[in-house]
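Here are the chains, one letter per residue:
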Amino acid sequence: MLNFKEEIAKLIAQQVEGLELAEIQEMIEIPQDSKMGDYAFPCFKLAKTLRKAPPLIAKGIAEAIAEAEMFEKVEQVNAYVNMFISKEAFVKVTMEEVMTKGDDFGKTNIGENKPVIVEYSSPNIAKPFHIGHIRSTVIGNSLYKIYDAMGYDVIRINHLGDYGTQFGKMICAYRHWGNKEDVINEPIKTLLEYYTKFHVEVEEHPELDDEAREIFAKLEKGEPEEVELWQWFRDESLKEFSRVYDMLGISFDSYAGESFYSDKMPRFVNELKEKGLLEESRGAQIVDLEPYGLGAALITKSDGSTLYITRDIAAAVYRKETYNFEKNIYVVASQQNLHFQQWFKILELMGYEWSKDCVHIPFGLVSLAEGTMSTRHGRVVFLEDVLNKAVEKTKEIIREKNPDATEEYVDEVAKTVGIGAVIFQELSNNRIKDYVFNWDKVLNFDGETGPYVQYTHARCASVLRKAGDDVVAKAKALENIDYKHLTSESAYDLAKMLYKFPAVVLDAGEKYEPSIVTRHIVDMAQGFNRFYHDEHILTDNEDEKVAKVALVLAAKEAIKNGLALLGMGAPERM
Ligand code: ARG
């Protein structure tokens, strides 16, 4: 992308001596008020070396660079050189950038293929994959796409919760009240029933807790019977999770979850001991983090079994040794803030300087208008059911809008749009905010929603179909385009939004905030729709038509690339 700041800096560098190009570029400002130009250069700093009053310096520079093609006009106001970029020049570089990059428009290479880990989704085995899991799953997937677009080599990890005392409870419950057939038919629902029943029964029979603990201890020791049951639960659960991942179009490079680290723990317990960080507290081993205001972290229980946090420490070191990550990103709910603060601190105290490269990306709660969920009490809303319902509801809407559409067409579009709607809604809010899942909002075709944006994309496609292959080919090649046809307010505004897109992607990556991309996609879609309403695109004037069709092509490309960063498809027809 033509970088105007850089080009301007080059022009100014020819006029002033003693300043580095980079320094000049740093000094160039983007005025708050567009009446002061698109760019401004303050001359205060130059007064000393040039031994002239700043306004005089500004005047000299303004006069010297005014003729450059990229400017519409250049003015000196007090100590500033105010520069107005020519609309035509601006639209031209934007269009050239979009057309040459195509599907890669929006991508950069600041990551230089350095390894970055994004850990996301990470549900617990044998527990429902419920609506709450949508957050880590979808935010994480989008961060993966954004970091990939920034040129990083991203490793996607699903840190499955496939270990821990709850498996003792599950196996215990299965042995008391379980039935193989039921588990095979409906694994998660059945296992959840067992788990729920365990919590009811244990109220009356506290000895069940001891039994469950013993079972887990056996599992940790690798006793075949326990391992076999655990493996079975894990396999069945993964099948169910995979169905949801397939619907969402999400995949992982590694499913190394908690159990993967079960045999790697002694090394860390010893290391903590050797480094003098472990303390005994009522038979358990803890790291005292009180001096840092982080309480105490339980590393091993009195029976010697390890914990969630111990496995996280082991996993982080394993990842550093295996992938040598530049950054290790955890997309996990804000309820676990303390957990992450604790073990990041422990890594630091162990002397791992790369602990600073571990980042917890928290997010708020999603709730349902119908009320809260509780796994223990069996009140859950399965993510798969939500996605299926979204597809079904979308089918109804599509059928209504296109009464003649074939069943096949309705099915396909409803999948892209229905699931896309859920993803888009999820990524619309600032991630840290709690939000309430609301069907009407999700599937509204007119609001700032997924369907609205996808519909805009389909509208672009429809304009291109009407324009015909010849015109589209000319537009794509940007053959003899006269950019004056794209200087109307709505065309120029749209071009400005397209120009910003790559910077928006970087900003979203730096802030770990996919909603920045989502909002910009909405802006681009609205910008396109304004252009579409204000302008006669397929005019009889051939030159004008080609130019305008080129802008439609560019908008379509940018919207599509934006949606891809959220993990969404862009239908050609809707
Ligand atoms: N399985 C955990 C849960 O469902 C989330 C795991 C988060 N990742 C981690 N490395 N601790 O709450």
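Conventions adopted
Residues numbered from 1 in each chain as written. Predicted model: local features only at pLDDT ≥ 70, side-chain atom pairs only at ≥ 80, totals over all residues. Heavy atoms only, no water. Phe/Tyr/Trp six-rings, centres within 6.5 Å; stacked < 30°, edge-to-face > 60°. Helix = DSSP H or I, 4+ residues; strand = E, 2+ residues; numbered from the N terminus. Buried < 20%, exposed > 50% of the residue type's maximum accessible area, 1.4 Å probe, protein only. Near = heavy atom within 4 Å. Polar contact = N/O pair within 3.5 Å; in protein donor to acceptor, adjacent residues only side chain to side chain. Areas by Shrake-Rupley, 256 points an atom, 1.4 Å probe, with all protein chains shown as cover. Nonpolar A, V, L, I, M, F, W, Y, C, P; charged D, E, K, R; others polar. Patch = residues over 30% accessible without salt bridge, like charges linked within 9 Å, V, L, I, M, F, W, Y side chains within 5 Å. Salt bridge = Lys/Arg side-chain N within 4 Å of Asp/Glu carboxyl O. Lys, Arg positive; Asp, Glu negative; His and termini not counted. Charge placed at Lys NZ, Arg CZ, Asp CG, Glu CD. Pairing = 2+ DSSP bridges. Axes fitted to C-alpha atoms, helices over the stretch in contact; angles between N-to-C directions. Contact = heavy atoms within 4.5 Å. Right-handed = clockwise from strand over helix to strand, strands pointing away. Core = buried A, V, L, I, M, F, W, Y, C linked by side-chain atoms within 4.5 Å.

K.L.:
Would you mind showing me how to read the packing of aromatic side chains here?
P.N.:
One pass over the structure, following the stated rule, counts 34 aromatic pairs. With a centroid separation of 6.0 Å and an interplanar angle of 55°, the aromatic rings of Tyr174 and Tyr194 are classed as tilted. In this pair, Tyr174 sits in helix H7 (residues 165–177) while Tyr194 sits in helix H9 (residues 187–204), placing the two residues 20 residues apart along the sequence. In this pair, the class of Tyr174 matches that of Tyr194, namely buried.

K.L.:
Just checking my understanding: could you explain the site of the ligand for this structure?
P.N.:
By nearness alone, every residue bordering the ligand is listed as Glu119, Ser122, Asn124, His159, Tyr308, Asp312, Tyr330, Val332, Gln336 and Phe340. Here Asp312 contributes a side-chain N or O atom positioned 2.7 Å from a nitrogen atom of the ligand. Taking Gln336, its side chain carries an N or O atom lying 3.0 Å from an oxygen atom of the ligand. Bound to the protein, the ligand loses 86% of the 350 Å² it would expose on its own. Of the residues contributing to the shell around the ligand, the split by class is 4 nonpolar, 4 polar and 2 charged.

K.L.:
I keep staring at a negative patch on the surface and nothing clicks. Help me out?
P.N.:
A cluster of like negative charges, contributed by Glu181, Asp182, Glu186 and Glu193, occupies part of the molecular surface. Note on placement: Glu193 falls in helix H9. For Glu193, a relative accessible area of 53% puts it in the exposed group.

K.L.:
When you look at the sheet that holds strand E10 (residues 358–361) in this model, what are you seeing that I'm missing?
P.N.:
Through backbone hydrogen bonds, the strands of a sheet pair up, either in parallel or in antiparallel fashion. Ordered in space as E5-E4-E9-E10, the 4 strands form an open sheet in which the pairing is parallel. Two strands in the sheet have a free side with no partner beyond their single neighbour: strand E5 (153–157) and E10. Sheet twist, expressed as the average angle between the axes of neighbouring strands with direction ignored, equals 20°. The pairing of strand E4 (residues 115–119) with E5 spans 5 bridges and is parallel. Looking at the pairing, Ile117 lines up with Ile155 of E5. The sheet contacts of helix H13 (residues 308–323) involve E4, E5 and strand E9 (327–331), and relative to E9 the element is tilted by about 140°.

K.L.:
What am I meant to see in the sheet that holds strand E1 (residues 39–42) here?
P.N.:
The strand order across the open sheet formed by 3 strands is E1-E3-E2, and the pairing between neighbours is antiparallel. If you trace the sheet from one side to the other, it starts and ends with E1 and strand E2 (71–77), each paired once. Averaged over all adjacent pairs, the angle separating strand axes in this sheet is 15°, with direction ignored. Pairing between E1 and strand E3 (residues 80–85): 4 bridges, direction antiparallel.

K.L.:
What's the story with the pattern of salt bridges in this structure? I'm lost.
P.N.:
Once their charged atoms are close, side chains differing in charge can pair, the charge on each being opposite to the other. Considering all chains together, one arrives at 37 salt bridges under this definition. When the shortest N-O distance is used, the salt bridge between Lys511 and Asp507 registers 2.7 Å. On the accessibility criterion, Asp507 (25% relative accessible area) is partly exposed. For Glu557, the salt bridge goes to Lys560, with nearest N and O atoms at 3.2 Å. Placement of both Glu557 and Lys560 in helix H22 (residues 542–566) is noted, with a separation of 3 residues, approximately one turn of the helix. In this structure Glu557 comes out as buried when scored by relative accessible area, which is 16%. Within this structure, Asp103, Glu557 and Lys560 form a network of salt bridges that share partners.

K.L.:
How should the pairing of E9 be read in this particular structure?
P.N.:
Looking along a regular strand, one sees side chains alternate from face to face of the sheet. With 4 of its 5 residues buried, E9 lies for the most part within the structure. By the bridge criterion, 4 bridges tie E9 to E10 in an arrangement that is parallel. Note that in E10 the partner of Asn328 across the bridge is Cys358. Chirality of the crossover, the property in question, places the unit of E9, helix H14 (residues 337–349) and E10 among those that are right-handed.

K.L.:
Could you clarify how one ought to interpret the nonpolar core in this entry?
P.N.:
Most often, soluble globular proteins have nonpolar side chains that are buried together. The biggest cluster of nonpolar side chains holds 160 residues, and the ones touching the most others in it are Phe41, Ile61, Val81, Met95 and Phe437. No other element matches H22, which puts 14 residues into this core. Setting aside its immediate chain neighbours within four residues, Phe41 contacts Ile12, Ile24, Met27, Ile28, Leu46, Ile61, Ala79, Tyr80, Val81 and Met83.

K.L.:
Just checking my understanding: could you explain the environment of Gly18 for this structure?
P.N.:
If you trace the backbone, Gly18 turns up in the loop between helix H1 (4–13) and helix H2 (21–27). Between the alpha carbons of Gly18 and Thr49 there is a distance of 7.9 Å; along the sequence they are 31 residues apart.

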